[in-house]
Amino acid sequence: GQNIDQPTEMTATEGAIVQINCTYQTSGFNGLFWYQQHAGEAPTFLSYNVLDGLEEKGRFSSFLSRSKGYSYLLLKELQMKDSASYLCAVREKYNTDKLIFGTGTRLQVFP
Amino acid sequence: DTAVSQTPKYLVTQMGNDKSIKCEQNLGHDTMYWYKQDSKKFLKIMFSYNNKELIINETVPNRFSPKSPDKAHLNLHINSLELGDSAVYFCASSLGGPSEAFFGQGTRLTVV
């Protein structure tokens, strides 16, 4: 079966660091994406991991462990504008165009 | 400048009606998608087209019919609308394979 789990909600303070976890069980694996979605807007691409390890992109980093079926998104130096939902999505191996999304984590950043 | 544009942005209609949502991308991508996002914000793929050919057809009622007149357009037609069809529908496009998808701004469909 297919299962992608993320915490439903998280809160953090401006300037802090927050880690959003994602665990997955899918019938195949060909990469994991993180998307950001502000309320009422479209999801926008943040990061892509296909090999184990950490990918860093400015204030955002994403980590993948394929053996553990686990990823996290790390947000540093949080800003108010980072308040949004963060969606973890897995690309299945045998159908590389199909993304399976988790339910998303709603992050609220407080001053 | 808009990469993926879909119309309308909001759609309110009565049960039983037939409606269409249009999507166009100017990114030169070969692959286009329709996703449905329900009230719990769960984003689920409905259809995928590659160069006008249907690639993915998830378990979606056959009241939903996608049409791709060319690789830059993917429209979604919905017959006999039901209350449960109320959701935000997102169109997206990508180069295919491991590349990221670019999403349109969404169409909020409300069936009353």
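Going by the structure above, here's the rest.
These remarks concern the structure in this document. (Residues numbered from 1 in each chain as written. Chains lettered and ligands numbered in written order. Predicted model: local features only at pLDDT ≥ 70, side-chain atom pairs only at ≥ 80, totals over all residues. Heavy atoms only, no water.)

1. Side note on the nonpolar core
Note the threshold: Put simply, buried Ala, Val, Leu, Ile, Met, Phe, Trp, Tyr and Cys residues joined by side-chain atoms within 4.5 Å make one nonpolar core. Exposure classes here rest on a 1.4 Å probe applied to the protein chains alone. A residue is buried below 20% of its type maximum, exposed above 50%, and partly exposed in between. Each helix is a run of DSSP H or I of at least 4 residues and each strand a run of E of at least 2, with the numbering of both proceeding from the N terminus.
With 22 residues, the main nonpolar core has Leu32, Trp34, Leu75, Tyr86 and Leu107 of chain A as its most contacted residues. Elements with a contribution of two residues or more to this core: strand S3 (18-25), strand S4 (32-37), strand S7 (60-65), strand S8 (70-75), strand S9 (84-91) and strand S11 (105-110) of chain A. By size, the runner-up hydrophobic cluster in this structure holds 19 residues, among which are Leu11, Cys23, Phe47 and Ala87 of chain B.

2. A few points about the interface of chain B and chain A
What counts here: By the convention used here, residues are in contact when the closest approach between their heavy atoms is within 4.5 Å. Accessible surface is computed with a 1.4 Å probe, and the buried area is the amount of it that two parts give up when combined, taken over both parts together. A carboxyl oxygen of Asp or Glu within 4 Å of a side-chain nitrogen of Lys or Arg is what we treat as a salt bridge. Here a polar contact means two N or O atoms within 3.5 Å. Within protein one must be a hydrogen donor candidate and the other an acceptor candidate, and residues neighboring in sequence count only if both atoms are side-chain atoms.
On the chain A side, the residues contacting the 22 residues of chain B number 18 residues. Across the chain B to chain A interface the summed buried area is about 1,600 Å²; carbon plus sulfur atoms make up 55%. The interface formed by chain B and chain A contains one salt bridge. Put simply, Lys98 of chain A and Glu58 of chain B hold a salt bridge, and the shortest N to O gap is 3.1 Å. The interface formed by chain B and chain A contains four residue pairs in polar contact (both at pLDDT 80 or more). For the side of chain B that touches chain A, the secondary-structure elements that each account for two or more residues are strand S4 (31-37) and strand S5 (43-50) of chain B.

3. With respect to the packing of aromatic side chains
As a reminder of what qualifies: Here the aromatic set is Phe, Tyr and Trp, taking the six-membered ring for Trp, and pairing holds for ring centres within 6.5 Å; pairs whose planes are under 30 degrees apart are stacked, those over 60 apart are edge-to-face, and all others are tilted.
Summed over all chains, the structure comprises 16 aromatic pairs over all chains. Centroid distance Phe63 of chain A to Tyr72 of chain A: 5.0 Å. Interplanar angle 20 degrees. Geometry classified as stacked. Owing to a relative accessible area of 23%, Phe63 of chain A belongs among the partly exposed residues under this scheme. Aromatic ring contacts, followed pair by pair, group Phe33, Tyr35, Phe45, Tyr48 and Phe101 of chain A together with Tyr33, Tyr35, Phe90 and Phe103 of chain B into a single cluster.

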